[in-house]
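Here are the chains, one letter per residue:
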Amino acid sequence: MIKLAVIGDPIAHSLSPLVHGSALDALKIPYHYEKIQVKKGGLEDFLNYVKKEKIDGFNLTMPHKTDIIKYLDEIDEDAKLFGSVNTVKVKDGRLLGYNTDAEGYLRALNMKKHCFSGCKVVILGAGGVVRTLALKAANEGANEIWLLNRTVERAEEIAKSVKEKTGVSVYTEELTSEKISRVSRDCDILINATPLGMHGVDTDFEDLSFLNSLPKSALVSDLIYNPPKTRFLKRAEELGNSILNGLGMLIFQGLIADQIYLDMDFDLERIYKEVERAYHEK
Ligand code: NAP
């Protein structure tokens, strides 16, 4: 039996047990998957627990993705580049760190027959997830990358870091409807990576008129999966654009983590469909 866990704070609403549980069920692999609240500063105690309970791997969410790095014996290229780890595999007592978030997003894009390579990518937001997506887009050969954020300095800081790490220039702007409209006029992929429109968040885009200026061929993507169609995605769909919500990223980052835990190259899209069904039945 494989013993896995997810840690974070808050953790009560984590969907990781559902994603990993339904994937491992579909793969017919016996498992034990725990959801554990670990507060900031609590990693050492948790790592003692990992050793004592012989846990084979764990997923991490806020606030541990960066703090874990100093405890790792090895870190993979993406995780090192992003400075952030969401998956740790325990192998012969050694802790190996990975980050599957951006690869998860890329797989979801690929399933929609899109990719970053050669594309103009416009991202709204400049939080933790945007840092990984901007670096991934740069490494995948995006043609032009824009970050628009309420606090433009945070976008500028990410742009600087992407330039230093990859040599790729990233352009920044303030997050206003007029600026989104101007920047995304000829974009291939527009991604909302802010919580605007998310269930439980009482703010949303006031003005979605910027979607009118997008080419019809552009993919409009929201990292939010609850609700499955934000107002942003609904409007884009009404205008004839192809849309992608955040469920694909959520599921694929988990499945890639499972491939790492199991050292198994299973068919991601087949298992994706099983997990997606379990998610809709929950
Ligand atoms: P984060 O680090 O907290 O960053 C939040 C970003 O949203 C910041 O750029 C912030 O701008 C902006 N923002 C927040 N409230 C805003 C408002 N009222 N108006 C305009 N901008 C606002 O969050 P994160 O980890 O990057 O996550 C971003 C989004 O992606 C969230 O919705 C999260 O749920 C989603 N996500 C989804 C997945 C998935 O698997 N589908 C994975 C990770 C994240 P300022 O810099 O100005 O504060």
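Let me sum up the structure you'll find in this document. Keep in mind it's a predicted model, so treat the numbers as computed, not measured. (Residues numbered from 1 in each chain as written. Predicted model: local features only at pLDDT ≥ 70, side-chain atom pairs only at ≥ 80, totals over all residues. Heavy atoms only, no water.)

**Here we look at helix H6 (residues 152-166)**
Each turn of an α-helix holds 3.6 residues, which means side chains three or four residues apart point in the same direction.
Line of reasoning, step 1. With 15 residues, H6 ought to run about 21 Å at 1.5 Å a step, and its terminal C-alpha atoms sit 21 Å apart, in line with that.
Line of reasoning, step 2. Among the residues of H6, those classed as buried are Val-152, Ala-155, Ile-158, Ala-159, Ser-161 and Val-162.
Line of reasoning, step 3. Against the buried residues of H6 lie helix H5 (128-139), strand E8 (144-149) and strand E9 (170-174). (Helix = DSSP H or I, 4+ residues; strand = E, 2+ residues; numbered from the N terminus. Expected span 1.5 Å × (residues − 1). Buried < 20%, exposed > 50% of the residue type's maximum accessible area, 1.4 Å probe, protein only. Contact = heavy atoms within 4.5 Å.)

**What about the sheet that holds strand E10 (residues 189-192)?**
Line of reasoning, step 1. Judged by pairing direction, the sheet is parallel, and its six strands sit side by side in the order E9-E8-E7-E10-E11-E12 without closing on themselves. Every interior strand has two partners, whereas the edge strands, E9 and strand E12 (242-244), have only one. Going from strand to strand, the sheet's axes swing by 20° on average, the running direction of each strand aside.
Line of reasoning, step 2. Across five bridges, the pairing between E8 and E9 is parallel. Of the residues in E9, the one forming a bridge with Ile-145 is Val-170.
Line of reasoning, step 3. Across the sheet, H5 lies against strand E7 (120-124) and E8, angled at about 165° from E8, the strand it touches most. (Pairing = 2+ DSSP bridges. Axes fitted to C-alpha atoms, helices over the stretch in contact; angles between N-to-C directions.)

**As for the packing of aromatic side chains**
Line of reasoning, step 1. A full pass over the atoms with the stated rule returns nine aromatic pairs.
Line of reasoning, step 2. Arranged with centres 4.9 Å apart and planes meeting at 85°, the rings of Phe-46 and Phe-58 form a pair that is edge-to-face. Highlighted residues: Phe-46 in helix H2 (residues 43-53) and Phe-58 in strand E3 (residues 57-60), separated in sequence by 12 residues.
Line of reasoning, step 3. Relative to Phe-232, the ring of Phe-210 lies with its centre 6.3 Å away and its plane at 40°, an arrangement referred to as tilted. Pair noted here: Phe-210 is in the loop between E10 and strand E11 (219-222) and Phe-232 is in helix H8 (residues 231-238), with a separation of 22 residues, a long-range link.
Line of reasoning, step 4. On the accessibility criterion, Phe-232 (1% relative accessible area) is buried.
Line of reasoning, step 5. Of the aromatic side chains, those joined through ring pairs into one cluster are Phe-46, Tyr-49 and Phe-58.
Line of reasoning, step 6. Between the NZ or CZ atom of Lys-282 and the centre of the ring of Tyr-279, over which it lies, the distance is 4.6 Å. (Phe/Tyr/Trp six-rings, centres within 6.5 Å; stacked < 30°, edge-to-face > 60°. Lys NZ or Arg CZ within 6 Å of the ring centre and 35° of its normal.)

From the geometry alone we can't say anything about function, so treat these as descriptive.
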